[in-house]
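So you can see what is in the structure, the chains are spelled out below.
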Amino acid sequence: MQESSPLVQVEQVYKVYGDGTARSRSVAATPFAVHALDNVSLTIAKGEFVAICGPSGSGKSTLLNLIGTLDKPTNGRVLINGVDVSTLKGNALADFRRNTIGFIFQLFNLVPSLTALENVMLPLIPYRRKAGFNVPERARELLAGLGLENRLNHLPGQLSGGEQQRVAIARALLNRPQLILADEPTGNLDSQNGSEILALLQRLNQEQGVTLALITHDPGIAAQANRVVQLQDGRLPDVEV
Ligand SMILES: Nc1ncnc2c1ncn2[C@@H]1O[C@H](COP(=O)(O)OP(=O)(O)O)[C@@H](O)[C@H]1O
Ligand SMILES: [Mg+2]
């Protein structure tokens, strides 16, 4: 694990939603522009566990989505492994994202009509031949490793919240990402299940060196991180706490 080399570099990033023009003629000209991020810079080292905190609406999800290449900054740059992700387009961007990043969301984001096993395999189903490993086998192993060996053929609706989040973690891990981005992963779980999910993510970070950026409202969870950054109205303080 190379602790010191940066995996993520967010450089003077701004994100404005909307263009400042009225959305509809029938509504009086109310400008629609939200300055969600305002000159944010953040470096995350390989192997780090960073907690991203801040009030609702402070720009946490926006920042995570930009790091995850799901959205583009209005201004500034995001580099991952030194690659300016704005230079990647179409398939190259999709390949890069799939090979580098795993996402975990508060509401699990599983496909309700697919089984646990199918949900885990889903990101690689179109790429099974290119994957370089046996996708169903790895999906089964990941689920078994998360204690879900008897839930492979259950639908999400037949699983508890904690189990659904473990399926989502297995899905995020399928392609051996270097970086896991988790947006309030325990926000929809009771404290027992939340602690178990956090312990799982910490083990991935500590034992496998997976870099972890995690949004949380829970000070107990933030306290487990190597570093806490606090967003306030789309800004990070100059000195990170
Ligand atoms: N797609 C969008 N279109 C317009 N405004 C948005 C969009 N997404 C987020 N926002 C606004 O940007 C600000 C930051 O949102 P977000 O990043 O979701 O905050 P957080 O995750 O900290 O609650 C909020 O004011 C939110 O309403
Ligand atoms: Mg959010």
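Everything below is about the structure printed above this text.
Presented here is a report on the structure given in the accompanying data block. Here the structure is a predicted model, which means the values were calculated and not measured. (Residues numbered from 1 in each chain as written. Chains lettered and ligands numbered in written order. Predicted model: local features only at pLDDT ≥ 70, side-chain atom pairs only at ≥ 80, totals over all residues. Heavy atoms only, no water.)

### Focus: the overall build of the protein
Check the secondary structure of the protein and you find seven helices and nine strands. In terms of overall size, the protein behaves like a compact globule, its C-alpha atoms giving a radius of gyration of 19 Å where 241 residues would be expected to give roughly 18 Å. Taken along the three principal axes of its C-alpha coordinates, the protein extends 55 × 45 × 40 Å. The proportion of buried residues among the 241 residues of the protein is 48%. Pairs at least 24 apart in sequence give 73% of the contacts found in the protein among residues at least 6 apart. As displayed, the protein has an accessible area near 12100 Å², and 48% of this comes from carbon and sulfur atoms. (Helix = DSSP H or I, 4+ residues; strand = E, 2+ residues; numbered from the N terminus. Rg over C-alpha atoms; globule rule 2.2 N^0.38 Å. Buried < 20%, exposed > 50% of the residue type's maximum accessible area, 1.4 Å probe, protein only. Contact = heavy atoms within 4.5 Å. Areas by Shrake-Rupley, 256 points an atom, 1.4 Å probe, with all protein chains shown as cover.)

### Some points on a nonpolar patch on the surface
Taken together, the side chains of Tyr-17, Phe-32 and Val-34 present a nonpolar region at the surface, about 230 Å² in accessible area. Val-34 gets classed as partly exposed once you look at its relative accessible area, which sits at 41%. (Patch = residues over 30% accessible without salt bridge, like charges linked within 9 Å, V, L, I, M, F, W, Y side chains within 5 Å. Salt bridge = Lys/Arg side-chain N within 4 Å of Asp/Glu carboxyl O.)

### Details of the packing of helix H5 (residues 161-173) against helix H6 (residues 191-208)
Direction vectors running N to C along H5 and H6 enclose 15°, while the axes themselves pass 10 Å from each other. If you check the angle between H5 and H6, you find them roughly parallel. Considering only the axes of H5 and H6, their crossing is right-handed. In this structure, H5 uses Gly-162, Gln-165, Arg-166, Ile-169 and Leu-173 to contact H6, whose residues at the interface are Asn-193, Ile-197, Leu-200, Leu-201 and Leu-204. (Axes fitted to C-alpha atoms, helices over the stretch in contact; angles between N-to-C directions. Parallel < 35°, antiparallel > 145°, perpendicular 65-115°, else oblique. Left-handed = near helix turned anticlockwise from the far one by under 90°.)

### Here's the deal with the sheet that holds strand S8 (residues 211-215)
With parallel pairing, the five strands of this open sheet are ordered in space as S6-S7-S8-S3-S9. What marks the edges here is a single partner per strand, and that holds for strand S6 (101-105) and strand S9 (227-230). Direction aside, neighbouring strands of the sheet carry axes that sit 15° apart on average. In this structure, strand S3 (residues 49-53) lies alongside S8, joined through four bridges in parallel fashion. If you follow Ile-52 over to S8, its bridge partner there is Ile-215. Of the strands in this sheet, S6 and strand S7 (179-183) are in contact with helix H2 (residues 90-100), which crosses S6 at around 75°. (Pairing = 2+ DSSP bridges.)

### A closer look at the site of ligand 1
Every residue near ligand 1 is listed here: Tyr-17, Phe-32, Val-34, Ala-36, Pro-55, Ser-56, Gly-57, Ser-58, Gly-59, Lys-60, Ser-61 and Thr-62. In the environment of ligand 1, an oxygen atom lies 3.2 Å from a nitrogen or oxygen atom belonging to the backbone of Ser-58. Taken by itself ligand 1 offers 560 Å² of open surface, and the protein chains cover 61% of this. Those elements that provide at least two residues to the shell around ligand 1 are strand S2 (34-45) and helix H1 (60-67). (Near = heavy atom within 4 Å. Polar contact = N/O pair within 3.5 Å; in protein donor to acceptor, adjacent residues only side chain to side chain.)

### With respect to the pairing of S8
Across the five residues of S8, five count as buried, placing the element largely inside the fold. A two-sided burial pattern is seen for S8, the buried positions comprising Thr-211, Ala-213 and Ile-215 on one face and Leu-212 and Leu-214 on the other. Where S7 meets S8, five bridges bridge the pair, whose relative direction is parallel. Pairing of Leu-181 across the sheet is with Ala-213, part of S8. Chirality of the crossover, the property in question, places the unit of S7, H6 and S8 among those that are right-handed. (Right-handed = clockwise from strand over helix to strand, strands pointing away.)

### Points about the sheet that holds strand S1 (residues 6-17)
Whether parallel or antiparallel, the strands of a sheet pair through hydrogen bonds between backbone atoms. What the four strands build is an open sheet, ordered S2-S1-S4-S5; its pairing is antiparallel. Both edges of this open sheet fall to S2 and strand S5 (83-84), since each of them pairs with a single strand only. Note that S1 and S2 share eight bridges and pair antiparallel. Bridged to Pro-6 within S2 is Ala-45.

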